[in-house]
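So the chains spell out like this:
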Amino acid sequence: MFSQQIKLDIVFEEQLFFISNLDQVTFDIRAKGWLTATSLSWFHAGVRQTLSFDDVVGVKPSPEDYPQGLLGLVICTYPTSRTVPQRRRLREYRFACSTEQMRSHWINALRQALWSLPIQPQEAVKPRHLQVLINPQGGRRQAQPVFQSIRSVLEAAHYHLSVAETQGGERTIQAVRDLDLTIIDGFVVVGGDGTVYELINGLMTHADAEAAILKPIGIIPAGTGNGLGKTILEISQESYDPMNAAFIIAKGHCQPINLGIVKQDGQHYYSILSLAWALISDIDIKSNKLRFLKFLGSLRSDLYAFLSILALRSYQGKVSFIPAPDWQPSPEVPQPQVLALSASNAKQTVNHKSTANGQSLDWQVIEGEFIALWVMNVAWATHSVLAAPHAQLADGYMDVLIIRKGISRWRLLTAFLKISTGEHLLLPEMEYYKVRCLHLEPLDSKGLVAVDGEQINHHPLQIDVLANHGQVFCR
């Protein structure tokens, strides 16, 4: 029998019969199951079995007819496959009870345990409501098939799904503003970072923005870039796959995330991914010209990057920022070569400005000719570009990558070839900073500015961190 410690951990026990083979069912009225906060145990053929909740997403009544008047229930698990890349796959455990009341108690108790709720078997668990936004134009236009392939995972987790296709741009932002948030527990984006950007800007300009932005957001990668989706999967120690992303949402765990607020020309833009200027934004925006080459998919950005490096040009500007105090990089990832401004560099100066409450702030200023500026809120810019390996979801800072004029085409190409692993930071031309806020002033007319891949005016701007301002589904 169970040890004394296990007995103390039991939160519910009741008749439960494990079904190993529907064709050979022998009902034992003495069969029992024991539920703890983290697992389900039972005896089968005289041997104790335990199912940890690590891979369990939900439980549902069985649609099958069981012999001897038994009423079935099915526990849905998604263990990791042994294949590479690892992809979670459905595995079901079947049980039975002798009465409808017993089955109802088990379903309620299991759902409550999985959601870390008090165990009250007589109380039915209300499904949580997810608003699903599908971008039918994202990536290779496979968002609908991708969603249908993972829908069962979310439904098994006792989510009620409302599904809508996005129309893109301001129309999606306005549609989000118009949502009745009182009936929505969270959002799921089936698409890329552009759709996440539209969702965030809709939530942040909603009539009840404070409540809106607290709704957790889940990402099913089905777009071209998918930087946020990749970041979440990496933090959750899952391979990059829509099924694994659905599993994370099904488990229901959330983490806070920083947002960025970009202020320009009296307008506010809200960022969850990045701000880019010069070479990076040129690649991001102008590579859209190659969308007609549908077979390229995300490779169109790689092709345009190669062409842009061949025709390399510089951009005149001034970048000012407040660095994070006493920041030290993690030793587990490639070390940036430049962590703070050097007083010996004649192009760098320090200005002292004051906040509204009179507090003195040290602004570091770099003025000159740049190749690229990349302000990252998360580690991955796309599913294959580890732009900011030191970035964290909720550290209250943005990570900045700067490349100045003087780098050779070969060295720049080398950096792009190494960026999938973060090893581009090993090159001395890569400057890397953690900052609280940043001001950009383009000093000539050429160049583009992009927020989360969306083009804005090529005018002066400031981006500030909104620390821990949103939530994402993430383990």
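It should be noted that the structure appears before, not after, this text.
Keep in mind it's a predicted model, so treat the numbers as computed, not measured. (Residues numbered from 1 in each chain as written. Predicted model: local features only at pLDDT ≥ 70, side-chain atom pairs only at ≥ 80, totals over all residues. Heavy atoms only, no water.)

(A) Just the overall build of the protein chain, in detail. Scanning the protein chain for helices and strands turns up 11 helices and 23 strands. Here the protein chain holds 475 residues, and 53% of them are scored as buried. Long-range contacts, defined as pairs at least 24 residues apart, comprise 71% of the intrachain contacts of the protein chain with a sequence gap of at least 6. Surface exposure of the protein chain reaches about 21,700 Å², of which carbon and sulfur atoms provide 50%. (Helix = DSSP H or I, 4+ residues; strand = E, 2+ residues; numbered from the N terminus. Buried < 20%, exposed > 50% of the residue type's maximum accessible area, 1.4 Å probe, protein only. Contact = heavy atoms within 4.5 Å. Areas by Shrake-Rupley, 256 points an atom, 1.4 Å probe, with all protein chains shown as cover.)

(B) Geometry of helix α11 (residues 409-418). Among the residues of α11, Leu412, Thr414 and Ala415 are the ones counted as buried. The buried side chains of α11 occupy one side of the element, clustering within an arc of 155° when seen end-on. Looking at α11, the residues exposed on the side facing more than 90 degrees away from the buried face are Trp410 and Leu417. (Arc of directions from axis to C-beta.)

(C) Examining the environment of Pro334 more closely. Relative to the assigned elements, Pro334 resides in the loop between β16 (315-323) and β17 (348-354). A sequence separation of 56 residues divides Pro334 from His390, and the C-alpha atoms of the two residues are 8.8 Å apart.

(D) Quick look at the sheet that holds strand β8 (residues 91-97). One open sheet holds the 4 strands; their spatial order is β2-β8-β7-β6, and the pairing between them is antiparallel. Every other strand in the sheet has two partners, leaving β2 (17-19) and β6 (56-61) as the edge strands with one partner each. Strand-to-strand twist across the sheet, computed as the mean angle between neighbouring axes with direction ignored, equals 30°. Docked against the sheet, helix α2 (residues 100-114) engages β6, β7 (71-77) and β8, running at close to 160° with respect to β6. (Pairing = 2+ DSSP bridges. Axes fitted to C-alpha atoms, helices over the stretch in contact; angles between N-to-C directions.)

(E) Representation of the sheet that holds strand β1 (residues 12-15). Sheet architecture is open: 4 strands sit in the order β1-β3-β4-β5, paired in antiparallel fashion. Because the sheet does not close on itself, it has two edges, and the strands there are β1 and β5 (47-52). If you compare each strand with its neighbour and ignore which way they point, the axes differ by 20° on average. Where β1 and strand β3 (residues 32-35) come together, 4 bridges link them in antiparallel fashion.

(F) Representation of the pairing of strand β14 (residues 267-271). Of the strand pairs in this sheet, strand β13 (residues 254-264) and β14 are connected by 5 bridges, and their pairing is antiparallel. Bridge assignment links Gln264 to a residue of β14, and that residue is Gln267. Linking β13 to β14, which pair antiparallel, is a turn of 2 residues; within it Asp265 sits at a positive phi near 50°.

(G) Region of the structure containing the packing of helix α3 (residues 143-156) against helix α8 (residues 242-251). Packing of α3 against α8 leaves a shortest axis separation of 9 Å and a crossing angle of 35°. The handedness of the crossing between α3 and α8 comes out as right-handed. Contacts from Val146, Ser149, Ile150, Val153 and Leu154 in α3 reach Pro242, Met243, Ala246, Phe247, Ile249 and Ala250 in α8. Across the contact of α3 with α8, the residue classes tally to 10 nonpolar, 1 polar and no charged. (Left-handed = near helix turned anticlockwise from the far one by under 90°. Nonpolar A, V, L, I, M, F, W, Y, C, P; charged D, E, K, R; others polar.)

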